[in-house]
Amino acid sequence: MSNEQQPYVQVPAKTVTANGVTYAYREMGPKGGVPVVFLIHLAGTMDNWDPRIIDPIAAEHHVITFSNRGVGASTGSVPDSIESMAEDAAAFIQALAYPQVDLFGFSLGGMIAQALVLKHPGLVRKMVLAGTGPAGGEGIQNIIGITYYDVLRGTLTRQDPKEFLFFKRNAAGKPAARAFINRLKERTTNREAPFKLRAFQTQLKAIRRWGLLPSADLGVITQPTLIANGDNDRMVPSVLSSDMHRRIPGSELVIYPDSGHGGIFQFHDKFVPVALEFLDR
């Protein structure tokens, strides 16, 4: 990272308005190229991005993170479908006047990325889809039960539920989970408002609906696509990453061993060079 560049945990938020919604966003990195727009996970705000992924990518690319409608400092109410969230993301990108972007979608964000590219193909140059699955993907509909179970486990043990949801509970996963949660605490000022329960419930229902949809034709996606996950994802079954890889022409697949939903965070040192090489092409 260059000396002039602020680390992500210090980058202040800006706002832009589209269709009556004011979106909070942060941007960093060199301007001029195609920006990389990051789409966050369930119950996530801009503060939930791992700085060990954002900072090195922003050293070489213009990076933009934002909070979805009704989340964090963004106004409005949380949509109850992935397709509506994708329309919001498209409106946000268009409000910033970028003719084309790269999408980096993690979990819920990866679902939004798929819906966006299918509806607005001209807006997207490349996609990174991590810890996510396709519409109609088997097992996605089980997310509500799995998530509430792990939220309860987190509450009872006074740990962040993401330690259970994103990481395996083994000798490799537990310290990786703690390290990840500690990295998310590195921002000490200008943090976003905590996620509201109703917003969380609405997003969960939207993901469940996504899992119950008919399969989309991913064969029409012509954008270069990098798919990544851990080999033991409890939230969005890892087999769905392989399924998307088979269905998206020319896509690339990276699966990290002995890791879960947050495989890209556990293996950030291995994943970042792969993501950069992909984006640099």
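For the structure itself, consult the block above.
Residues numbered from 1 in each chain as written. Predicted model: local features only at pLDDT ≥ 70, side-chain atom pairs only at ≥ 80, totals over all residues. Heavy atoms only, no water.

Draft legend 1. Structural context of the overall build of the chain. Counting its secondary structure elements, the chain contains 10 helices and 8 strands. Taking 2.2 N^0.38 as the reference for a compact globule, 281 residues should give roughly 19 Å; the C-alpha atoms of the chain span a radius of gyration of 17 Å, in line with that estimate. C-alpha atoms of the chain, sized along the principal axes, occupy 45 × 45 × 35 Å. For the chain, with 281 residues in total, the buried portion stands at 56%. Here the analysis covers contacts within the chain between residues at least 6 apart in sequence; of these, 74% occur between residues at least 24 apart. Summed over its atoms, the accessible surface of the chain is roughly 11,300 Å², and 53% of this surface lies on carbon and sulfur atoms. Averaging the locations of the 29 positively and 26 negatively charged side chains of the chain gives two centres separated by 6 Å. (Helix = DSSP H or I, 4+ residues; strand = E, 2+ residues; numbered from the N terminus. Rg over C-alpha atoms; globule rule 2.2 N^0.38 Å. Buried < 20%, exposed > 50% of the residue type's maximum accessible area, 1.4 Å probe, protein only. Contact = heavy atoms within 4.5 Å. Areas by Shrake-Rupley, 256 points an atom, 1.4 Å probe, with all protein chains shown as cover. Lys, Arg positive; Asp, Glu negative; His and termini not counted. Charge placed at Lys NZ, Arg CZ, Asp CG, Glu CD.)

Draft legend 2. Representation of the nonpolar core in the model. Core analysis: the biggest nonpolar cluster contains 87 residues, and Ile82, Leu103, Phe104 and Phe271 have the highest contact counts within it. Element by element, the count of residues in this core is highest for helix α2 (residues 82-95), at 8 residues. When neighbours within four sequence positions are excluded, Phe104 is seen to be in contact with Val36, Val37, Phe38, Leu39, Trp49, Ile53, Ile57, Val128, Ile264 and Phe271. (Core = buried A, V, L, I, M, F, W, Y, C linked by side-chain atoms within 4.5 Å.)

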